Amino acid sequence: MPNVPARHKYIAATDYDSSEYALSNYETCDVTFFMMDNKYLNNSVLSTSGTYMDFIRANFLNGEKTPHGVSWDDPSLNFAELDDVLKQMRSR
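Residues numbered from 1 in each chain as written. Predicted model: local features only at pLDDT ≥ 70, side-chain atom pairs only at ≥ 80, totals over all residues. Heavy atoms only, no water.

Enquirer: A description of the environment of Asn-42 should follow, citing residues and the corresponding values.
Expert: Secondary-structure assignment places Asn-42 in helix α3 (residues 39–47). Since its relative accessible area comes to 19%, Asn-42 is described here as buried. Between the alpha carbons of Asn-42 and Met-89 there is a distance of 8.5 Å; along the sequence they are 47 residues apart. (Helix = DSSP H or I, 4+ residues; strand = E, 2+ residues; numbered from the N terminus. Buried < 20%, exposed > 50% of the residue type's maximum accessible area, 1.4 Å probe, protein only.)

Enquirer: Any details on α3? Residues and values, ideally.
Expert: Those residues of α3 lying buried are Leu-41, Asn-42, Ser-44 and Val-45. Buried residues in α3, looked at end-on, bunch into an arc of 160°, giving them a common side. In this structure, α3 carries Lys-39, Tyr-40 and Ser-47 as exposed residues pointing more than 90 degrees from its buried face. Buried-residue contacts for α3 involve α2 (26–37), α4 (52–58) and α5 (79–90). Capping the start of α3 is the job of one residue whose side-chain oxygen sits 3.0 Å from the backbone nitrogen of Tyr-40: Asn-38. (Arc of directions from axis to C-beta. Contact = heavy atoms within 4.5 Å. Polar contact = N/O pair within 3.5 Å; in protein donor to acceptor, adjacent residues only side chain to side chain.)

Enquirer: Go over the environment of Pro-75 with me, naming the residues and quoting the values.
Expert: Mapped onto the fold, Pro-75 is located in the loop between α4 and α5. Given a relative accessible area of 77%, Pro-75 falls into the exposed group. Taking C-alpha positions, Pro-75 is 9.5 Å from Glu-27, a pair spaced 48 residues apart along the chain.

Structure follows, in structure tokens:
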């Protein structure tokens, strides 16, 4: 399971180090941190169940992008890691 910090300060793209957060790539890290940083999305994670893609569909994020330009349903996302991130967020 990825090591996702409970509280964090969003890291800039130039500061991204996947080994620090145990996430496989920048895109996965970017959407993870936006889910955690955005109050609406964070509350939505906590009030829903299911997979990351269920979360994306429930929040109408298909085809939308984070402020850094990463698509919420980008094929380079590690969906298994994102499912684990949601489980970890919901267990806190």
